[in-house]
Number of protein chains: 2
Amino acid sequence: MNTNYLADYHQFSRGGRIETSLPVSFFLKYSSSIFDCRNKSLASIPGSGERKVIIIDQAVQEIYGEMISSYFDDNKLDVVQLRILCTEEEKNIHTVEKILRFFEKNTVLRRETIICIGGGILLDIAGYACSIYRRGIPYVKVPTTLLSIVDASVGSKVGINHFGRRNRLGAYYPPIGTLIDKNFIKTEKEQNIVNGLGEIFKLSLIKSRELFDLLQNNSSLLLREKFQYGAVPVRVINLAISEMVSELEPNLWEKDLKRCVDFGHTFSPVPEMLYSQSLLHGEAVALDCLFSSCIAFNRSIFCNDTLHRIFSVARSLKLKTFHESFADTNLLIKSLEDATTHRNGNQNLPLPSTIGDHIFVNDITESDIVNAQTTMVKYHESE
Amino acid sequence: MNTNYLADYHQFSRGGRIETSLPVSFFLKYSSSIFDCRNKSLASIPGSGERKVIIIDQAVQEIYGEMISSYFDDNKLDVVQLRILCTEEEKNIHTVEKILRFFEKNTVLRRETIICIGGGILLDIAGYACSIYRRGIPYVKVPTTLLSIVDASVGSKVGINHFGRRNRLGAYYPPIGTLIDKNFIKTEKEQNIVNGLGEIFKLSLIKSRELFDLLQNNSSLLLREKFQYGAVPVRVINLAISEMVSELEPNLWEKDLKRCVDFGHTFSPVPEMLYSQSLLHGEAVALDCLFSSCIAFNRSIFCNDTLHRIFSVARSLKLKTFHESFADTNLLIKSLEDATTHRNGNQNLPLPSTIGDHIFVNDITESDIVNAQTTMVKYHESE
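The structure displayed is predicted, hence computed values, not measured ones.

Turning our eyes to something else, we now look at the overall build of chain A. Each helix and strand in chain A was counted, giving 13 helices and 10 strands. Dimensions along the principal axes, computed over C-alpha positions, put chain A at roughly 70 × 70 × 35 Å. Scored against the burial criterion, the 383 residues of chain A give a buried share of 61%. For chain A, contacts bridging at least 24 residues in sequence account for 78% of all contacts bridging at least 6. A total accessible area of about 14400 Å² is found for chain A, and carbon and sulfur atoms account for 49% of it.

Here is the structure:
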């Protein structure tokens, strides 16, 4: 027997490891008036040829449809476009199938970049369709709401609801880039701006006192001027995005399940699913932040003045400071249990330790929840 | 205006990049008799607790079901198990849905490792279900056929057929590891061993003269003894896997679309889909290898003796050296066109340059195809 073969026997029993890594690099480009034909940001997106493939939120298309047509006409580019009705109910496998059929019908190539224009729901659904078609095709995000500008813009999470569960199916699938144009915010209803402010409020509370101070001092300006004028909204968006990037960049695939950006996403998911008609995502998140702050206060992590200040800023941003779902102990326990399962059996609950910083706890009991409910009602009614 | 804010304005117009990387490391472990209760390979798979979650090919379960039950009983481990009928027709979204319901019903945690036991079809479907559930849960591959031992075992590609297209939906989703036990091969029908030899034949022809020589000198032994005894089958499997690893490790996500392991996968996919009843994957791949070799021969890349030798080794491995689908020019053109679309508009056709090495070409015309058809018939009939 050849000695080479003998060596093989040993190798066969030993095995080995395959070691490699996937480098990810995506651009984050701020641009103004992206449908102005002189702005080449969209026209020059890499990985797409003379033809541009667009998936767009129906509501956005209704407002910007003509501008978009003119933009691509003026830039001598063909466009194929699919409009999607974007509600939480439509965030399902049937809508994904519709997008996949659109890809198939238009013979989308494996490296052809899809331009996804819309809010968080559109970006989640379209990004998921891109992640599975031909084992993944490239896409660019163009967020069109304040919420998606500060949230979905920098993440890699895509997905759809399934089995009555939020984002039960999905992937970590980074785009090749994100184009951020805050002009979109000016056509948003106030309620949707409040929705975005909910996520910014969340980030400020656990990550940035400067951002919290900015919200406190400029709440009515931000709501009235819809982030259009002056330096304050630029700073707010910049801070929110850069705080988000600092959390996501080292943990884009959530290998670490202790994530401070999960703040606001522990007690809120079940209420949000049940009251999807009356509760926006940012509102639900903010309610969870207030509720978690009540837990922290009851554990003497910070003082009465701080809790008052937190409720008062939420109120000035027109966020809800109470909702009937947060009076239902069983609902909150269920939501905590689901989140714990999702965090692989650990609560990993982020709590503010002070304004702008956080700790994680793993020992929340039913009595913490009941006591926090009482505190929440009290501070809700106190002003 | 605060100078900090002014600086922000510039930053806002400049944007930035998010740069990170996903490290991937998975084990490749050779083990013998993995259902022997003294073998702890399965029992000690990381990321699974007292309960093991298994997805298994129905045909494998029929043979090894009792051994598997005893194995986990003896190791004092609970098991939940889903059996899947694995045919090319079942490799669809409905089977995926069945697996997802099984996960949901058993409250599979986010970091709970799924043990997937079966051939290439099982590993493709189950791996895909794992890739999308909760945005991806870990899984281990246990390939049970010669074909999957040398092919699916080391790759990261998972997927299902859709829109009548092979693997139209899927992902690059590496397992946490692969357990290789060549004992499984002994219960395979000869036809399925031939199927696996098709992929080994492919690899040898473009990557390893040593492997090609081994096949040539041991074809009847390998077929007769089903890879069970002596050093030769160990060396064959080792060489096939290590050649595969050397190609996949630096290109696991196929960022580079010039892939020599695509050899045999250009002209065969459409014939294979159309004749799924009479043509196994490895057979179709080998036919493509022979056809591509005819193209190379017609271009004077190698001589008559080499082409004879290639056909003769295929024949000795009981691989088909002709099939009616390869007489249909339009079918071959269609398959080349599809492959070209999949390679983002480039043919990137691998051709053997000699036995054990390859080149890529991008200028295949209809007359190359027609001439190769004539050559193929001639060499098919010549012995």
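With that out of the way, let us pick up helix α2 (residues 58–74) of chain A. Residue and element names in this part refer to chain A. For α2, which comprises 17 residues, the first-to-last C-alpha distance of 23 Å matches the rise-based estimate of 24 Å (1.5 Å per residue) to within 8%. Those residues of α2 not exposed but buried are V60, Q61, Y64, G65, I68, Y71 and F72. With a side-chain oxygen positioned 3.1 Å from the backbone nitrogen of A59, the residue opening α2 is D57. Backbone geometry just after α2 places K76 at a positive phi near 55°.

Here the focus is the sheet that holds strand β3 (residues 78–84) of chain B. Spatially, the 12 strands line up as an open sheet ordered β3(A)-β2(A)-β4(A)-β5(A)-β8(A)-β1(A)-β1(B)-β8(B)-β5(B)-β4(B)-β2(B)-β3(B), and their pairing is mixed. Across the chains shown, the open sheet's two edge strands, defined by having one partner strand only, are β3 (78–84) of chain A together with β3 of chain B. The average undirected angle you get between the axes of adjacent strands in this sheet is 20°. Bridging between strand β2 (residues 51–57) of chain A and strand β4 (residues 114–118) of chain A involves 4 bridges; their strand directions are parallel. Across the sheet, residue A:I54 finds its bridge partner in β4(A), namely A:I115. Contacting β1 (16–30) and β8 (177–180) of chain A together with β1 (16–30) of chain B, helix α8 (residues 231–248) of chain A crosses the sheet at an angle of about 175° to β1(A).

What follows covers the relation of the copies chain A and chain B. Turning chain A through 180° and shifting it by 0.0 Å along the axis lays it on chain B, with an RMSD of 0.0 Å. One copy is carried onto the other by what is essentially a two-fold rotation axis. No C-alpha of chain A approaches the rotation axis more nearly than that of A:L22, which lies at 2.5 Å.

In this section: the packing of helix α12 (residues 329–342) of chain B against helix α13 (residues 366–381) of chain B. In a packed pair of helices, the relevant descriptors are the angle between the two axes and the axis-to-axis distance. Residues and elements named next belong to chain B. Two elements in contact, α12 and α13, have axes whose closest approach is 10 Å; the angle formed by their N-to-C orientations is 130°. Our classification of the angle between α12 and α13 gives oblique. Between α12 and α13 lies a crossing of right-handed hand. Along the contact surface, α12 presents T329, L332, I333 and L336, while α13 presents E366, I369, V370 and Q373.

Right, let's talk about the interface of chain A and chain B for a bit. Of the residues lining the interface, 72 residues belong to chain A; the matching set on chain B comes to 72 residues. A buried area of about 7400 Å², summed over both sides, lies between chain A and chain B, and 54% of it is on carbon and sulfur atoms. Summed over the shared surface of chain A and chain B, the number is 6 salt bridges. Across the pair B:R110 and A:E254 runs a salt bridge, and its minimum N-O distance is 2.4 Å. Joining chain A to chain B, the criterion identifies 39 residue pairs in polar contact (both at pLDDT 80 or more). Among the elements that make up the side of chain A that touches chain B, the one with the highest residue count is β1(A) (15 residues). When its residues are assigned to classes, the side of chain A that touches chain B shows 32 nonpolar, 19 polar and 21 charged. Judged from the 13 bridges that link them, β1(A) and β1(B) form a sheet pairing that is antiparallel. In the strand pairing of β1(B), A:F26 is matched with B:I18.

Turning our attention to unusual backbone geometry. All names here are of chain A. One non-glycine residue, F227, lies in positive phi territory at about 65°. Following the sequence through the fold, F227 ends up in the loop between α7 (209–225) and α8. Look at F227 and you get buried, because its relative accessible area is 1%.

What follows concerns the pattern of salt bridges. For the structure shown, the criterion picks out 48 salt bridges over all chains. In this structure, B:R168 and A:E104 form a salt bridge, with 2.9 Å as the shortest nitrogen-oxygen distance. Of this pair, B:R168 sits in strand β7 (residues 165–172) while A:E104 sits in helix α3 (residues 93–105), each in a different chain. Comparing B:R168 with A:E104 shows no difference in burial state: the two are buried. As a salt-bridge pair, B:D262 and B:R259 come within 2.6 Å of each other at their nearest N and O atoms. Here the two residues B:D262 and B:R259 agree in accessibility, since each one is buried. Bridged by salt links that share partners, the residues A:R110, B:K157, B:E254, B:R259, B:D262 and B:R343 form one connected network.

One pass over the full model with this rule turns up 24 aromatic pairs over all chains. For the pair A:F102 and A:F103, a centre-to-centre distance of 6.2 Å together with 45° between the ring planes defines the contact as tilted. You'll find A:F102 and A:F103 in the same group, each marked buried. Measuring from ring centre to ring centre gives 5.7 Å for B:Y139 and B:Y173, while their planes differ by 5°; the resulting arrangement is stacked. With B:Y139 in strand β5 (residues 139–143) and B:Y173 in the loop between β7 and β8 (177–180), this pair connects stretches of sequence that are 34 residues apart. With a relative accessible area of 19%, B:Y173 lands in the buried category.

Procedures and definitions
Residues numbered from 1 in each chain as written. Chains lettered and ligands numbered in written order. Predicted model: local features only at pLDDT ≥ 70, side-chain atom pairs only at ≥ 80, totals over all residues. Heavy atoms only, no water. Helix = DSSP H or I, 4+ residues; strand = E, 2+ residues; numbered from the N terminus. Buried < 20%, exposed > 50% of the residue type's maximum accessible area, 1.4 Å probe, protein only. Contact = heavy atoms within 4.5 Å. Areas by Shrake-Rupley, 256 points an atom, 1.4 Å probe, with all protein chains shown as cover. Expected span 1.5 Å × (residues − 1). Polar contact = N/O pair within 3.5 Å; in protein donor to acceptor, adjacent residues only side chain to side chain. Pairing = 2+ DSSP bridges. Axes fitted to C-alpha atoms, helices over the stretch in contact; angles between N-to-C directions. Least-squares fit on C-alpha atoms with pLDDT ≥ 70 in both. Parallel < 35°, antiparallel > 145°, perpendicular 65-115°, else oblique. Left-handed = near helix turned anticlockwise from the far one by under 90°. Buried area = accessible area lost by both parts, 1.4 Å probe. Salt bridge = Lys/Arg side-chain N within 4 Å of Asp/Glu carboxyl O. Nonpolar A, V, L, I, M, F, W, Y, C, P; charged D, E, K, R; others polar. Phe/Tyr/Trp six-rings, centres within 6.5 Å; stacked < 30°, edge-to-face > 60°.

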